[in-house]
Amino acid sequence: SGGESSALTMMNESSSDSLRKPKADRKRMKTQQQQSREETDEPEPRWHILRITNYVVATGFTLSVLQFASNASTYLNDSTSLLQFLMVWSLFLCYFFGFFGISFIELDDFVDQQQPSQQQPSQQTQVAPSRQLKKAESSDPPVKVVNIHPPASSAPVCTDPTSFKKPSSKIPSNLKELPNSEIASLVLQDKIKDHQLEKLLDPHRAVEVRRLKFDAKLDSLGCGGALTELPHKHALDYKRVLGANCEIVVGYIPIPVGMAGPITLNGESVYIPMATTEGCLVASTNRGCKAISQGSGASSTILKDGITRAPCVRLPSAREAAEVALWIGKTDNFLSLKEAFESTTSFGKLLDATPTVAGKNVYIRLRCFSGDAMGMNMISKGSLAVIDALRQIFPRLSLLALSGNMCTDKKAAAMNWIEGRGKSVVIEATIPQDVVRSTLKTSVRAITEANVNKNLIGSAMAGTVGGFNAHAANNVTAVFLATGQDPAQNVESSNCITLMEETPEGDLWISCTMPSIEVGTVGGGTGLPAQSACLKAIGVKGGGENPGDNAKQLAHVVAAATMAGELSLMAALASNSLVAAHMAHNRKPASK
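Now for a description of the structure that goes with this document.

What counts and how
- Residues numbered from 1 in each chain as written.
- Predicted model: local features only at pLDDT ≥ 70, side-chain atom pairs only at ≥ 80, totals over all residues.
- Heavy atoms only, no water.
- Pairing = 2+ DSSP bridges.
- Helix = DSSP H or I, 4+ residues; strand = E, 2+ residues; numbered from the N terminus.
- Axes fitted to C-alpha atoms, helices over the stretch in contact; angles between N-to-C directions.
- Parallel < 35°, antiparallel > 145°, perpendicular 65-115°, else oblique.
- Left-handed = near helix turned anticlockwise from the far one by under 90°.
- Contact = heavy atoms within 4.5 Å.
- Salt bridge = Lys/Arg side-chain N within 4 Å of Asp/Glu carboxyl O.
- Buried < 20%, exposed > 50% of the residue type's maximum accessible area, 1.4 Å probe, protein only.
- Expected span 1.5 Å × (residues − 1).
- Polar contact = N/O pair within 3.5 Å; in protein donor to acceptor, adjacent residues only side chain to side chain.

**Some remarks on the pairing of strand S7 (residues 349–358)**
Regular strands have side chains that alternate between both faces of the sheet. Pairing of S7 with strand S8 (residues 361–369) involves nine bridges; the strand directions are antiparallel. Opposite Ala 353, over in S8, you have Leu 366 as the bridge partner. Hairpin remark: S7 followed by S8, antiparallel, with two residues in the connecting loop; positive phi at Gly 359, about 65°.

Given below as structure tokens:
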């Protein structure tokens, strides 16, 4: 983040090399991948041949049954013909029981086992501590080279049958005797699946190993050591809370934090920390991240950026209220209010003022750019300066409430849905049809139909405002809690319409439009160690090199998490596997 030119390399022996030009780097990676394939003795399976064979056998079986049925009485009286039919059908049945359906059901699992992860070394590698990435020294203009991490395994995604499987027999028998760093290396090399750690070790040690794994992955993205301040044991510095986050403190509530991703977002790999107590949420989001990264990756754009506050002022008559509104609407007058507002802040910039008259009341919706802060304190302070400036022109004006509810803060409102608040974001991705089948376990037609009938028609019948989605609030709230945002602002931040279409090529196009994501990377809960650690894992801790850069990136990440969650849940609903998955993965006996 911040636009610095740095080589973001994967965790292997070449990670300390100087920055190379993108074309040379891609050529080197391609050569390494070819060498890796040449060193593998096992030939790549030709799954399309098995699929074609399945169709041929199924067609032959159907034709033989139709042939028999067309003249059944004759064949039944002819023992020779009947024996021939029975022999042919026996061969068909043997094939059905032995091979039929493999290429449809388990193809993605076989491919996952056959293809080595591109970012992992071919030999066992110790997890290196976090390190500073070297800056390139070159006469050419600085070029930012970003290595895209391959999509993470989606197991134990709630709808993925592979999550029910037992651990592989290839796991070392002395696994528990190995140090955590070696076990983490095995996970990085995909010799041990991440979701198996709790089964193979104890839950506490599994967390420690997983932290080492993610620290190595984040280090390759320039975010090494991000998890250092994310506590995994009971600890909270109450001095950091005093005067900033809570009063009358008696303790704290620990919430588990999971890591979804990587997801390819605007051409870069990003990991998404999520704090939640809802089982399957992180795993399901992880599956959505995998499908998006296997496709086009997510492309996100910010349409608007401005936090709002709408003071309510009152005049002695409706006529005078109208005069105030008309006065504010003139450009020269707005500039004088802008000057008053910006005299109270270093970063805040008043963008516009929109008055609305209701009888004697005027609701002045002020919108300002707030840099990397979410901006409520900034705009509230500036709003008071605007009211003081208005009083000099209209002495009979009185302030009824600094917030007149047309902001609108922490309430469902058409105003936010239409005009936006905070960051207005639109994000999209294209998922190939084979990925929809293998990773999402459904079809493009089924998921698009489910989306129209649930998220569009169903939400319209319910009269929702900004709720044309499956569960946007789930992912927004999880990221908010992990990164120190105001969780109550998930009300407007979760405004989202999810659209899905089948492309002319038969692939799945998905987009989420979110007009009011309210986030910041400085101030409020972002200063607490755990939340700060999660921001660092994303690469947006503190202020950006350019004011507002980090907050905008965080809004992109929130939108990406939302789209991944929407994609995975709609796939589960389309395949009718949601309930079974939650019963299997989200139910266990209560601890004694």
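**A look at unusual backbone geometry**
Note that the residue after Gly 261, namely Pro 262, is joined by a cis bond; omega there is 10°. Relative to the helices and strands, Pro 262 resides in strand S3 (residues 257–265). Residue Thr 408 follows Cys 407 across a cis peptide bond; omega there is -5°. Even without being a glycine, Asp 190 presents a positive backbone phi close to 65°. You can see Asp 190 is positioned in the loop between helix H7 (180–188) and helix H8 (197–200).

**A few points about the packing of H7 against helix H9 (residues 203–219)**
Two numbers describe how H7 lies on H9: the axes approach to 9 Å, and their chain directions differ by 60°. When the axis of H7 is compared with that of H9, the two are oblique. As for how H7 packs across H9, the hand of that crossing is right-handed. Residues Asn 180, Ser 181, Ile 183, Ala 184, Val 187 and Leu 188 of H7 pack against Arg 205, Glu 208, Val 209, Leu 212, Lys 213, Ala 216 and Lys 217 of H9.

**Quick word on the pattern of salt bridges**
Using the criterion set out here, one finds 14 salt bridges in the structure. Lys 423 is the salt-bridge partner of Asp 305, the closest N and O atoms lying 3.3 Å from each other. Separated by 118 residues along the polypeptide, Asp 305 in strand S5 (residues 299–309) and Lys 423 in strand S10 (residues 422–431) bring together distant segments of the chain. For the pair Asp 305 and Lys 423, one class covers both residues: buried. Across the pair Asp 388 and Arg 391 runs a salt bridge whose closest N-O atoms are separated by 3.6 Å. Placement of the pair is Asp 388 and Arg 391 together in helix H14 (residues 376–393), with a separation of three residues, close to one helical turn. Among the ionic contacts, a cluster of salt bridges with common partners joins Asp 194, Glu 198, Arg 210 and Lys 213.

**Section: H9**
Taking 1.5 Å per residue, 17 residues should reach 24 Å; H9 reaches 24 Å between its end C-alpha atoms and fits that length. Counting buried positions along H9 yields twelve of 17 residues, so the element is predominantly enclosed. Summarising the contacts, the buried residues of H9 are in contact with H7, H8, S3, strand S4 (268–275) and helix H20 (529–538). A distance of 3.0 Å separates the backbone nitrogen of His 204 from a side-chain oxygen at the start of H9, and that oxygen is part of Asp 202.

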